[in-house]
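Secondary and tertiary structure notes
Listed here are the chains, written in short residue letters.
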Amino acid sequence: MSANETLTKENATKKLKQGMRWLTLSAVLAIASLGGWWLYSRTLKQSSNVVEVRLITVKTDTLEEPINESGILEIGDQRILKSPDNGIVEKVLVKMGDRIAIGDELILLRSPDRETKLLEHQYNTQEKELALVQQRQKIQDAEAELALKQEKLQDLLTEYRSNSETQRQQKQLEIQNQQLSIQNQRQVVILAQENFKQANEKLQQFIKEQSSDIQTQIRQKKLDIQKQQLNLENLAEKVREAELNVTESQEQMQQAEDLYERGFIAENELQRDRQEVRSNLAILRDAQLTLTTFQIDLNNSQLDLQNLEKKLSEELVTLQMNVKEKQSNLETANIQIKNQENTLNSLSISAQKIEQELEDTVSNAREEVAQAEIKLRDAKLDLSNSIIALDKHQLERQKIEQEIIARIVTAPISGKVLNIAVEPGDVVDRSKELLIIGDPNREVVKLQISTLNAAKVKPNQLARISLAGPDEEIFTGYVETVSLVANSGSSQSSGSSSSSGNATVAATVRLDSPSGSFIPGSRVSVDIILEQRENVIAVETSVVDNSGSEPFVWVRNAEGKAQKKSVKLGLEDLTNGLVEVTSGLEAGDEVILPPVDRELTEGTIVKEFKPENTNQPSENSRPASRPTRRGRRRN
């Protein structure tokens, strides 16, 4: 290698090393620049992720669940007094606002028609006195008629006693003779029953014992006949087979004789065929003989069966005829005793009829006496009624005289006069309203509550009553009554906040003490407290998030980051924007009020927002006193 080539190689190596150093330095500078930019970006981004929020301290509060209704105020036992009768107002004895006690005189009424009515009563009294004299005369006539009827009855009783005894003895003798005949006939019936019983027992004994034996023999004989018939059929079949065998052997012998005449077979073969014919004929004769014998036996068995059946039938018929004969004798004896009993009944009826005729005659006389007594009692009763009617008429006259003097409307209760609707000289009738009174010591509100709210209202629940106005004053009370039935919208008598036409439930709220400022008939607002909870953990509803499967709030953890915290909710006070937290928070905890312009996520860095003007009330503070109106329970 030459010196120039070596120098060139060294220069190239130096340039390469120098280039590598510049390249390494450039890479380090680029990495440093990128790292600085990353640190700057992270710091800038971290600064932009910090969210300012308001922190609210959890406190205890009182929550309520009320419903609001409106109703009409009335004072206790408020009632309208109407005129007791048609008349003219003579004098008004009280003024509106007066205090009254039970029995106090309020209004004096007079009736011009009473004087005319009094004159009519005087004429009626004279007529009744005249009728009284006529009633006394009727009593005297009835007493005379009764005396005549009683005398006639005594005469009939004397005649009845003399004739009745003789006829009764004659009929009694005939009845005794007939009873004796009946006793004799009953002995005949008993004997006939015994004969019938013996004949029937004999028949049953025959059916049970002898008939059973004969029936067994008959069944056995029928079984033997069936066997003989089967054997006979078998023998007949054998005879037919033997006949066939004879016919075949004869045909075969005829053929053998033809062959023998032609010289085709030997004589011994012909003799053998003839011997076979004779043998078959002997077998046929034996079979026919056996068949005839079995046929004779079968006929004998059938004849024996007929004889057994005939014997059974004859004996059974004889016994049955005997039973029928005894039964006929018994029926004849029963018919005879029934005829004799009918004769006895006829005699008894005849005796009763004779006695009944005599009793009817006496009874008619007694009935006439009773009618005369009734007529006398009626006359006396009419006289008593006339006397009573006259006394009542005189009492009515006295009453009319008292009504003419004056008619006074008195106070049925102690209370206060609320309104007077009449003046002296006014003409009034029974439907005319005179005045309105009530008990000012007791004030109630009549409500018509919707059926949905009525289901929640119970007696003795707390209520707040107020009259809308610039100086609203609230009075306390309680639910006194709640109706158990709903009224249709058309039947509501007092106003309510319910929609017209919807069914409502009537309820009454009583004030704890009279307001002294409410005017009866005024419409007032009533808050019925369905439920009240004191000293419970409560937060504003705006801090509770219900978007998930269960409600939660945002809190700031120790690292200053937003974190979800699950809570369980209870009563919600919609009016004051509060909700009860039954678990998950304690008094003194701080929760985040989520900002409106940004959405919180877990891990977001938060810091408390503090307004520059410290004089403005923060969201962490609320008024100590507040009106509680509406609320509802969360599910």
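Residues numbered from 1 in each chain as written. Predicted model: local features only at pLDDT ≥ 70, side-chain atom pairs only at ≥ 80, totals over all residues. Heavy atoms only, no water.

Here we take up the nonpolar core. Ranked by internal contacts, the top residues of the largest apolar core, which has 20 residues, are Val-445, Leu-447, Ile-465, Val-509, Val-526 and Ile-528. Broken down by secondary-structure element, the contributors of at least two residues to this core are strand 2 (59-82), strand 9 (433-450), strand 10 (462-466), strand 11 (474-487), strand 12 (504-511) and strand 13 (523-540). Beyond its immediate sequence surroundings of up to four residues, Val-526 is in contact with Ile-67, Asn-68, Glu-69, Val-445, Leu-447, Ala-463, Arg-464, Ile-465 and Val-509. (Core = buried A, V, L, I, M, F, W, Y, C linked by side-chain atoms within 4.5 Å. Buried < 20%, exposed > 50% of the residue type's maximum accessible area, 1.4 Å probe, protein only. Helix = DSSP H or I, 4+ residues; strand = E, 2+ residues; numbered from the N terminus. Contact = heavy atoms within 4.5 Å.)

This structure, assessed with the given rule, holds 2 aromatic pairs. For the pair Phe-475 and Phe-518, a centre-to-centre distance of 5.2 Å together with 75 degrees between the ring planes defines the contact as edge-to-face. In this pair, Phe-475 is assigned in strand 11 and Phe-518 in the loop between strand 12 and strand 13, connecting sequence segments 43 residues apart. For the pair shown, Phe-475 and Phe-518 are each scored as buried. Relative to Trp-554, the ring of Phe-552 has its centre 5.8 Å away and its plane inclined at 80 degrees; by these criteria the two rings are edge-to-face. One residue, Lys-564, lies across the ring of Phe-552, its end atom 4.7 Å from the ring centre. (Phe/Tyr/Trp six-rings, centres within 6.5 Å; stacked < 30°, edge-to-face > 60°. Lys NZ or Arg CZ within 6 Å of the ring centre and 35° of its normal.)

Once that is clear, we can look at a nonpolar patch on the surface. Nonpolar side chains collect at one region of the surface, where Leu-16, Met-20 and Leu-23 lie side by side and expose about 330 Å² of accessible area between them. You can see Leu-23 is positioned in helix 1 (residues 3-48). (Patch = residues over 30% accessible without salt bridge, like charges linked within 9 Å, V, L, I, M, F, W, Y side chains within 5 Å. Areas by Shrake-Rupley, 256 points an atom, 1.4 Å probe, with all protein chains shown as cover. Salt bridge = Lys/Arg side-chain N within 4 Å of Asp/Glu carboxyl O.)

The next thing to look at is the pairing of strand 1 (residues 51-57). Examined bridge by bridge, strand 1 and strand 19 (residues 606-608) share 3 bridges and lie parallel to one another. Bridge pairing in strand 19 links Val-51 to Val-606. Both strand 1 and strand 18 (residues 590-593) contribute to a ladder of 4 bridges, which runs antiparallel. Within strand 18, the residue paired with Arg-54 across the bridge is Leu-593. (Pairing = 2+ DSSP bridges.)

Another point: the environment of Phe-294. Note on placement: Phe-294 falls in helix 4 (residues 267-405). Taking the C-alpha atoms as reference points, Phe-294 and Leu-232, 62 residues apart in sequence, are found 6.3 Å from one another.

With that settled, the discussion passes to the pattern of salt bridges. On inspection of all chains with the given rule, the structure shows 13 salt bridges. In this structure, the salt-bridge partner of Glu-64 is Arg-464, at a minimum N-O distance of 2.8 Å. With Glu-64 in strand 2 and Arg-464 in strand 10, the pair connects residues that are 400 residues apart, well separated along the chain. Each member of the pair, Glu-64 together with Arg-464, is buried. One salt bridge in this structure joins Lys-375 and Glu-145, with 3.3 Å as the shortest N-O distance. Of this pair, Lys-375 sits in helix 4 while Glu-145 sits in helix 2 (residues 113-208), placing them 230 residues apart in sequence. Residue Lys-375 is classed as partly exposed on the basis of its relative accessible area, which comes to 47%. Exposure remark for Glu-145: the relative accessible area of 30% places this residue in the partly exposed category. Where salt bridges share partners, they join Arg-442, Glu-480 and Arg-510 into one cluster.

Bringing the environment of Asn-245 into the picture now. Counting through the fold element by element, Asn-245 comes out in helix 3 (residues 210-262). With relative accessibility at 37%, the residue Asn-245 sits in the partly exposed group. Placed 32 residues apart in sequence, Asn-245 and Val-277 show a C-alpha to C-alpha distance of 8.4 Å.

This part covers the side chain of Thr-508. Looking at the element boundaries, Thr-508 is found in strand 12. Not counting chain neighbours up to four residues away, the residues in contact with Thr-508 comprise Val-444, Val-445, Lys-446, Tyr-478, Val-479, Glu-480 and Thr-481.

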